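Take a look at the letters that make up each chain.
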Amino acid sequence: MDPPDHTRLRGLVSRAFTPRMVERLRPRVEAVTAGLIAALSEEGDLVSGFAYPLPVMVICEMLGVPPEDHERFQGWSETAARSLDPMLTAELISESGRSGREFRDYFRDLLELRRRQPGDDLLSALTRVEELTEGELLATCVLLLVAGHETTVNLIANGVLALVRHGLLRQAAERPRQVVEEVLRYDPPVQLTGRVALRDAELGGTPVPAGTAVVALIGAANRDPAVFPDPDRFDPGRTDPRRLDGAREPGRHLAFGLGIHFCLGATLARMEGEIALSALAAAAPRMELLDPAPPYRPNLVLRGLAELPVRLNR
């Protein structure tokens, strides 16, 4: 979406994701993280036991979605994530349409409940915004819920995999902010994004006429040797710690996009990643992979593990 509609819609929800508002969530994120780690078995899947429930619980509380409903919307959310891919089968297109209708029906009922019984949550606040059409309101709710956890699940799981593989898990406890920036660069949760050229342009000697769909490969950009020396090396120390304060993009990567469409939830994702990875490193610094090549979900855009079997060695 372009301005002015994009500016209007983004402005309505951006206040809930400012650094100050996100920082208020820190104690709750830390408490949820500690509870999930305490409940982990010595051996098990870290995705279903930790990486998935943590961001789900956080975004549900922010929005005012009952956490016990996560099993209802898990399938819808997974379908929404797969439907972002550039090449879809007829079966997935049909499934996506059905899933989208069910997702919107769910939020339609929940928003009506919030109108009758408002709370201190984002959904209740959105029901009071008269400028939003019903379609915009429902689409925004689905977007916030899906984007608010699908990507962070991948950030946490991809981060654990990279750290354990390289024997660097302890660094997550010592310098969590640098670790998160390197995970975002090295194995970003979002691998590519689409755009449409608004005017005739030329890119790398290739003409791009106005109206042409363009796919930007974020994962490739984050390994550009002209920007990142030895780009295939996982190195949390490559981010200058002096850039971590005040810089919008301290790691110079494109994991959160760029410009007016810069990820609305970047501050929240970073905080969740730092808390999750540092707490895991402190609780289980000798964690081992039970599968050296864990399976990935069949997604192209949102790249993440289907499961991550580990032994904690606490």
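Just so you know, these numbers come straight off a predicted model, no measurement behind them.

## Things to note about the nonpolar core
Among soluble globular proteins, nonpolar side chains are generally buried collectively.
Now for step 1: The biggest cluster of nonpolar side chains holds 79 residues, and the ones touching the most others in it are Leu 46, Phe 50, Leu 54, Val 65, Phe 73, Phe 107 and Met 287.
Now for step 2: Apart from residues lying up to four places away in sequence, Phe 73 is in contact with Tyr 52, Val 56, Cys 60, Val 65, Phe 103, Leu 145 and His 149.
Now for step 3: Judged by nonpolar contacts, the second largest core, of six residues, contains Ala 81, Leu 192, Val 301 and Leu 302.

## Focus on the side chain of Arg 297
Now for step 1: Note on placement: Arg 297 falls in the loop between β6 (288–289) and β7 (309–311).
Now for step 2: Classification of Arg 297 as buried rests on a relative accessible area of 19%.
Now for step 3: Polar contacts involving the side chain of Arg 297 include one to the side chain of Glu 150, which spans 3.0 Å.
Now for step 4: Once residues lying within four places of it in the same chain are set aside, the contact partners of Arg 297 are Glu 78, Glu 150, Asn 154, Gly 304, Leu 305 and Ala 306.

## Points about the packing of helix α10 (residues 150–165) against helix α14 (residues 266–283)
Now for step 1: Where α10 meets α14, the closest approach of the two axes is 10 Å, and the angle between their N-to-C directions is 35°. When you trace α10 past α14, the crossing you get is right-handed. Between α10 and α14, the contacting residues are Thr 152, Leu 155, Ile 156, Gly 159, Val 160 and Leu 163 on the first element and Ala 269, Glu 272, Gly 273, Ala 276, Leu 277 and Leu 280 on the second.
Now for step 2: Classifying every residue of the contact of α10 with α14 gives eight nonpolar, three polar and one charged.

## Observations concerning the side chain of Asp 187
Now for step 1: Mapping Asp 187 onto the fold places it in the loop between α12 (176–186) and β2 (192–196).
Now for step 2: For Asp 187, the side chain forms a polar contact with the side chain of Arg 303, separated by 2.6 Å.
Now for step 3: Dropping the residues within four chain positions of it, Asp 187 is found in contact with Asn 158, Tyr 296 and Arg 303.

## What about the packing of aromatic side chains?
Now for step 1: By the definition in use, this model includes six aromatic pairs.
Now for step 2: Summarising the aromatic geometry, the rings of Trp 76 and Phe 103 are spaced 5.3 Å apart at their centres and angled 45° between planes, so their arrangement reads as tilted. Here Trp 76, found in helix α6 (residues 70–82), pairs with Phe 103, found in helix α7 (residues 90–116); they are 27 residues apart in sequence, far enough to count as distant.
Now for step 3: An aromatic cluster of three or more residues is present, and its members are Trp 76, Phe 103, Tyr 106 and Phe 107.
Now for step 4: Seen from the ring of Tyr 186, Arg 223 lies directly overhead, with NZ or CZ sitting 4.2 Å from the centre.

## Notes on the sheet that holds β6
Now for step 1: Read across the open sheet, the three strands follow the order β1-β7-β6; overall the sheet is antiparallel. On the outer flanks of this sheet lie β1 (43–45) and β6, each paired with one strand and no other.

## Focus on unusual backbone geometry
Now for step 1: The residue after Pro 3, namely Pro 4, is reached through a cis peptide bond having omega 5°.
Now for step 2: Relative to the assigned elements, Pro 4 resides in the segment before α1 (5–14).
Now for step 3: Look at Asp 230: it is not a glycine, yet its phi comes out positive at around 50°.
Now for step 4: When you line up the elements, Asp 230 lands in the loop between α13 (218–221) and α14.
Now for step 5: For Asn 313, which is not glycine, the phi torsion reads 55° and is therefore positive.
Now for step 6: Looking at the secondary structure, you find Asn 313 in the segment after β7.

## Some thoughts on the packing of α10 against α12
Now for step 1: Running from N to C, α10 and α12 point in directions that differ by 100°, and their axes come no closer than 10 Å. Relative to α12, the element α10 lies roughly perpendicular. Contact with α10, carried on its side by Leu 155, Asn 158, Gly 159, Ala 162 and Leu 163, involves Val 179, Val 183, Leu 184 and Tyr 186 of α12 and no other residues of that element.
Now for step 2: Within the contact of α10 with α12, the residues separate by chemical class into seven nonpolar, two polar and no charged.

Thresholds applied
- Residues numbered from 1 in each chain as written.
- Predicted model: local features only at pLDDT ≥ 70, side-chain atom pairs only at ≥ 80, totals over all residues.
- Heavy atoms only, no water.
- Core = buried A, V, L, I, M, F, W, Y, C linked by side-chain atoms within 4.5 Å.
- Buried < 20%, exposed > 50% of the residue type's maximum accessible area, 1.4 Å probe, protein only.
- Contact = heavy atoms within 4.5 Å.
- Helix = DSSP H or I, 4+ residues; strand = E, 2+ residues; numbered from the N terminus.
- Polar contact = N/O pair within 3.5 Å; in protein donor to acceptor, adjacent residues only side chain to side chain.
- Axes fitted to C-alpha atoms, helices over the stretch in contact; angles between N-to-C directions.
- Left-handed = near helix turned anticlockwise from the far one by under 90°.
- Nonpolar A, V, L, I, M, F, W, Y, C, P; charged D, E, K, R; others polar.
- Phe/Tyr/Trp six-rings, centres within 6.5 Å; stacked < 30°, edge-to-face > 60°.
- Lys NZ or Arg CZ within 6 Å of the ring centre and 35° of its normal.
- Pairing = 2+ DSSP bridges.
- Parallel < 35°, antiparallel > 145°, perpendicular 65-115°, else oblique.

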